Each structure stands twice: as structure tokens, then as C-alpha cells.
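Residue-level structural notes
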Amino acid sequence: MENGSNQYKQKRNYRPAIITISAILIGAIMILSGMPGVEDFDLFDVTILPMLNAIFNSFTFLFLLCALIAILKRKVNVHRRFIYAAFLTTTLFLVTYVAHHVLAESTAYGGSGFMAVFYYFILITHIVLAAAIVPLALTSVARAWNMENERHKRIARWTMPLWLYVSFTGVLVYILISPYY
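Bear in mind the structure is a predicted one, so any value in this text is a computation, not a measurement.

Observations regarding the UniProt feature "transmembrane region" (unreviewed entry) in the chain
- Cross-referencing UniProt, the feature "transmembrane region" (unreviewed entry) maps to residues 17-36, 48-70, 82-104, 116-141 and 162-180 in the present numbering.
- When the span residues 82-104 is considered, its composition is 96% helix and 0% strand, and the gap between its end C-alpha atoms is 32 Å.

What follows is the structure, encoded as C-alpha cells:
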């Protein structure tokens, strides 16, 4: 530090945490997708959980959209707050998603023809990109925390549209499968 005016902020290495969190979340979700669910669970109607998932995904989508608008207007603090809100609703989504898959069996899509093709296309792209979003979003925020603005912008150009797609298609998947719960 020189003369106290140039404060050097040491960059933190978030990579191990990003890798660990990503591996745990993606691994747990993969394991849960093959589990049968709790038999005779009757504490509450577990079909409320997918609706909560869709609500949280809706809020994530809206918060991300607001974050995008804020950063385009160069309102960095507003952008940051909406990104944190999106992380919060995504975390709440993950809690209800895991709870649903622990408590209930997977629901099969009952449609056919074009709608089945459409549903499975949306579902598969949603799942693949949702797995990619975990490390992308964490890396994006880590670069912002480290004030690596150019590197943050480069990865955020990929992260933002993919995360918007994942949150929007999460709602769409719910709308398409909800008649079969």
C-alpha cells in the first residue's frame, strides 16, 4: 500500500468453492432424480412444491431482467441488488426442488405428439443449461466481488441469457407438466 491512497484489495480464489458447490449441487440433484421418494408421505400435499419452484423461478427471471436493465443503464448498485435477489430466489427454488424430489416420485409427462416433443426439448435444454448455470453464475459473481470487471463482463454475457433461459423454461416446464401431478 502506497501513501494510504491506493488501497490494494487482494483477490480471493473462489474456484475451489465454486467447484465444490457446483459438484455437490449437481451431484445431489442427479442422485435425487433417480430416487423413488418417501412412501406414504402425508404431512402436506407435495404437489405444492413444484408450484413453489415455478414461483421462485418466475421471481428469478424477473430479478435477472431487472438486473440486466439496471446494468444497461449503468446502475451498478441496483444491478448488484437484483443479482443477489436472483441468487436468493434460486436458492429457495433449490430447497423446494430438492424437497420435492426427496418426498415424491418424478411425474411423467402425459402428453403426446408435438406437445411431447416440445416438452422434452424444453426439459432437456433446461436441465443441461441449469447444470451449466451453477458454476457460471458463481464464477460471474466471484469475478464481480474481485473487481475483475472485464472478466466479469465476458462471462456475464453468457451467464445472463442462459440463466434467463433456465429460469423461464423452469416455469414453462411446470406449466406443461402440472396437469399430470
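And the narrative resumes.
Examining the nonpolar core
- Listed in full, the 10 residues of the largest apolar core are Leu64, Ala67, Ile83, Ala86, Ile133, Ala137, Met160, Trp163, Leu164 and Val166.
- For this core, the elements supplying multiple residues, two or more each, are helix H2 (48-72), helix H3 (76-103), helix H4 (113-145) and helix H5 (149-177).
- With four residues, H5 is the largest single contributor of residues to this core.
- Leave out the neighbours within four places in its chain, and Ala137 touches Phe87, Thr159 and Trp163.
- Core analysis: the next-biggest nonpolar cluster, separate from the first, contains nine residues, Ala116, Tyr119, Leu123 and Leu176 among them.

So, a nonpolar patch on the surface
- A cluster of nonpolar side chains, contributed by Leu43, Phe44, Ile48, Met51, Ile55, Phe59 and Leu62, occupies part of the molecular surface with about 650 Å² of accessible area.
- Relative to the elements of secondary structure, Phe59 occurs in helix H2.
- According to the relative accessible area criterion, Phe59 is partly exposed, its value standing at 40%.

Concerning the packing of aromatic side chains
- Taken as a whole and judged by the stated rule, the model has 13 aromatic pairs.
- Considering the side-chain rings of Phe87 and Trp163, the 5.1 Å spacing of their centres and the 70° angle between planes classify their relative orientation as edge-to-face. One end of the pair, Phe87, is in helix H3; the other, Trp163, is in helix H5, and 76 residues separate them in sequence.
- Between the aromatic rings of Tyr109 and Tyr180, the centroid separation amounts to 5.2 Å while the plane-to-plane angle is 70°, which identifies the pairing as edge-to-face. Of this pair, Tyr109 sits in the loop between H3 and H4 while Tyr180 sits in the segment after H5, and the two are 71 residues apart along the sequence.
- Taking the relative accessible area as the measure of exposure, Tyr109 reaches 11% and is therefore buried.
- Chaining the aromatic ring pairs together yields one cluster made of Tyr109, Tyr119, Tyr120 and Tyr180.

Points about the pattern of salt bridges
- Tallying each qualifying case throughout the model produces three salt bridges.
- Of the charged contacts, one joins Glu148 and Lys11 as a salt bridge, the two residues approaching to 3.8 Å between their closest N and O atoms. Of this pair, Glu148 sits in the loop between H4 and H5 while Lys11 sits in the segment before helix H1 (15-33); the two residues are 137 residues apart in sequence, bridging distant segments of the chain.
- Assessed through its relative accessible area of 14%, Glu148 is described here as buried.
- Across the salt bridge formed by Glu148 and Arg151, the nearest N and O atoms sit 2.8 Å from each other.
- Residue classification places Arg151 among the partly exposed positions, given a relative accessible area of 32%.

So, a negative patch on the surface
- Among the surface-exposed residues, Glu39, Asp40, Asp42 and Glu105 lie close enough to one another that they form a single negatively charged patch.
- Its location among the elements puts Asp42 in the loop between H1 and H2.
- A residue is classified by how much of its surface remains accessible, and Asp42, at 67% relative accessible area, is exposed.

Focus on the packing of H1 against H3
- At their nearest, the axes of H1 and H3 sit 9 Å apart, and the two run at 30° to each other. Comparing the axis directions of H1 and H3 gives the class roughly parallel. Here H1 and H3 pass one another in a crossing that is left-handed. Facing H1, whose interface residues are Leu25, Ile29 and Leu32, H3 presents Leu94, Tyr97, Val98, His101 and Val102.

Definitions and cut-offs
Residues numbered from 1 in each chain as written. Predicted model: local features only at pLDDT ≥ 70, side-chain atom pairs only at ≥ 80, totals over all residues. Heavy atoms only, no water. UniProt positions renumbered as here; feature names shortened; annotations may be inferred. Helix = DSSP H or I, 4+ residues; strand = E, 2+ residues; numbered from the N terminus. Core = buried A, V, L, I, M, F, W, Y, C linked by side-chain atoms within 4.5 Å. Buried < 20%, exposed > 50% of the residue type's maximum accessible area, 1.4 Å probe, protein only. Contact = heavy atoms within 4.5 Å. Patch = residues over 30% accessible without salt bridge, like charges linked within 9 Å, V, L, I, M, F, W, Y side chains within 5 Å. Areas by Shrake-Rupley, 256 points an atom, 1.4 Å probe, with all protein chains shown as cover. Salt bridge = Lys/Arg side-chain N within 4 Å of Asp/Glu carboxyl O. Phe/Tyr/Trp six-rings, centres within 6.5 Å; stacked < 30°, edge-to-face > 60°. Lys, Arg positive; Asp, Glu negative; His and termini not counted. Charge placed at Lys NZ, Arg CZ, Asp CG, Glu CD. Axes fitted to C-alpha atoms, helices over the stretch in contact; angles between N-to-C directions. Parallel < 35°, antiparallel > 145°, perpendicular 65-115°, else oblique. Left-handed = near helix turned anticlockwise from the far one by under 90°.

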